[in-house]
Amino acid sequence: AGAFAFKLGVDGVQAAIADEASQVKLATALQNTTKATDAQVAAVEDYITKTQMRYGVEDVLLRNSLNKLATVTGDVTKAQEMQAVALDVAAGSGLSLEAATTMVTKALQGSFRGFDRLGVVLSDNIKKNKDGAAAVEVLGNKYVGAADKAANTTKGKLDRLNQAWDESVEKVGEALLPELTKLADWAVSPEGGKQIENFINTMATGLQNVATAAENIGIALDNITPDADTPLGRMLSFAMTKYRDWE
């Protein structure tokens, strides 16, 4: 139980750190590209969590996808609408969410590469005018509802369960992070750095003393020529053999 709790804590802290970095990255992107407010960023995080649990998709992947879509659309709501299309395309075609997102972003920019491979037929008018919005609509119609259907398969349900567990582990890490942050702040402070250096030096001196003592024991044993026929001699001979084997 103790080992499990320790591992849970370590895994939780690592997951919480990665999640925090992912959140900051998306928040910065949204603020720069869409002028999102703190309230809007918080609302996006709520959307990310709900989408993660609904489809069993890792939150980091969802943030990366939304980041790309927001950069192209310049609008949070539109980016979320386009992500819904990307999720359907990924689930229906077997593409990764990253690949499906790239296809949608490229289409919005007038590049329809990959549509033919998925059997998505675009009209000549859409191609001629490079009508990205119309192309994404055609793409979305082909796979509409695929993400929800996939989420309700056995695999989809297990993916959702796995995401729920991962979120629980992250919560454990989030609870530990404040104390670890304090420890890190102390470690990089002048006082903390000095104490750590002193501890390392003390350990090094202690190990050196142990090594010196072991060497002296070896020298002393080598200089002993005990009478093997006495109990003391037999004991010393045994000790010398064991010591040399250990060396």
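Structure shown above.
Because the structure is predicted, anything quoted here is derived from the model rather than measured.

(A) The arrangement of the overall build of the protein chain in detail. On a plain count of helices and strands, the protein chain comes out with 11 helices and zero strands. The linear arrangement of helices and strands in the protein chain, starting from the amino end, is α-α-α-α-α-α-α-α-α-α-α. For the protein chain, contacts bridging at least 24 residues in sequence account for 57% of all contacts bridging at least 6. Surface accessibility of the protein chain: about 15,400 Å² in total, with carbon and sulfur atoms responsible for 59%.

(B) Helix α5 (residues 97-108), seen in detail. With 12 residues, α5 ought to run about 16 Å at 1.5 Å a step, and its terminal C-alpha atoms sit 16 Å apart, in line with that. All of the buried residues in α5 are L97, A100, T101, M103, V104, T105 and A107. Those residues of α5 that are buried are in contact with α3 (59-73), α4 (76-93) and α7 (132-143). G110 sits one or two positions beyond α5 and adopts a positive phi of about 95°.

(C) Region of interest: the environment of A86. Assignment of secondary structure puts A86 in helix α4. In this structure A86 comes out as buried when scored by relative accessible area, which is 0%. Discounting chain neighbours no more than four positions away, the residues touching A86 are L97, A100, T101 and V104.

(D) Quick look at the nonpolar core. One finds V104, F115 and L139 to be the most contacted residues of the largest nonpolar core, which totals 41 residues. Contributions of two or more residues to this core are made by α1 (2-33), α2 (38-55), α3, α4, α5, α7 and α8 (146-151). The element best represented in this core is α4, accounting for eight residues. Beyond its immediate chain neighbours, meaning those up to four positions away, L139 contacts V89, M103, V104, F115, L118 and V120.

(E) Fine view of the pattern of salt bridges. Counted according to the given criterion, the structure contains eight salt bridges. A salt bridge links R63 to E45, with the nearest nitrogen and oxygen atoms 2.9 Å apart. Highlighted residues: R63 in helix α3 and E45 in helix α2, separated in sequence by 18 residues. Summarising the burial analysis for this pair, R63 and E45 share the class buried. A salt bridge links K155 to D159; the nearest nitrogen and oxygen atoms lie 2.9 Å apart. You can see K155 and its partner D159 sitting in helix α9 (residues 154-187), four residues apart, about one turn around the helix. Overlapping salt bridges, with partners in common, bring together D19, E45, D59 and R63 in one network.

(F) Summary view of the side chain of D88. You can see D88 is positioned in helix α4. Within the buried set, D88 has no salt-bridge partner at all; the shortest N-O distance to an opposite charge, 7.7 Å, is to R54. Ignoring anything within four residues of it in the chain, the contact list for D88 reads Y143, V144, G145, A146 and A147.

Here is what the cut-offs are and how they apply
- Position numbers for residues count from 1 along each chain, tracking the sequence in the order it is written.
- This being a predicted model, a pLDDT of at least 70 is required before a residue's local features are given, and a value of 80 or more before pairs of side-chain atoms are given or counted; all residues contribute to the totals for chains, interfaces and linings.
- Heavy atoms from the whole structure form the basis of all side-chain values; hydrogens and water molecules are not counted.
- Helix and strand assignments come from DSSP, with helices taken as H or I runs of at least 4 residues and strands as E runs of at least 2, each series counted from the N terminus.
- Here, residues are in contact when the closest pair of their heavy atoms is within 4.5 Å.
- Each accessible area is a Shrake-Rupley estimate made with a 1.4 Å probe; only the visible protein chains count as cover when residues are assessed.
- By definition here, a helix of n residues has an expected span of 1.5 Å times n minus one.
- Between buried and exposed lies partly exposed: a residue is buried under 20% and exposed over 50% of the maximum accessible area for its type, with that area taken using a 1.4 Å probe on protein chains only.
- Take the buried residues of types Ala, Val, Leu, Ile, Met, Phe, Trp, Tyr and Cys, join any two whose side-chain atoms come within 4.5 Å, and each joined set is a nonpolar core.
- Within this document, salt bridges are pairs made up of a side-chain nitrogen of Lys or Arg and a carboxyl oxygen of Asp or Glu, the two lying within 4 Å of each other.
- Only four residue types enter the charge count: Lys and Arg as positive, Asp and Glu as negative, with His and the chain ends excluded.

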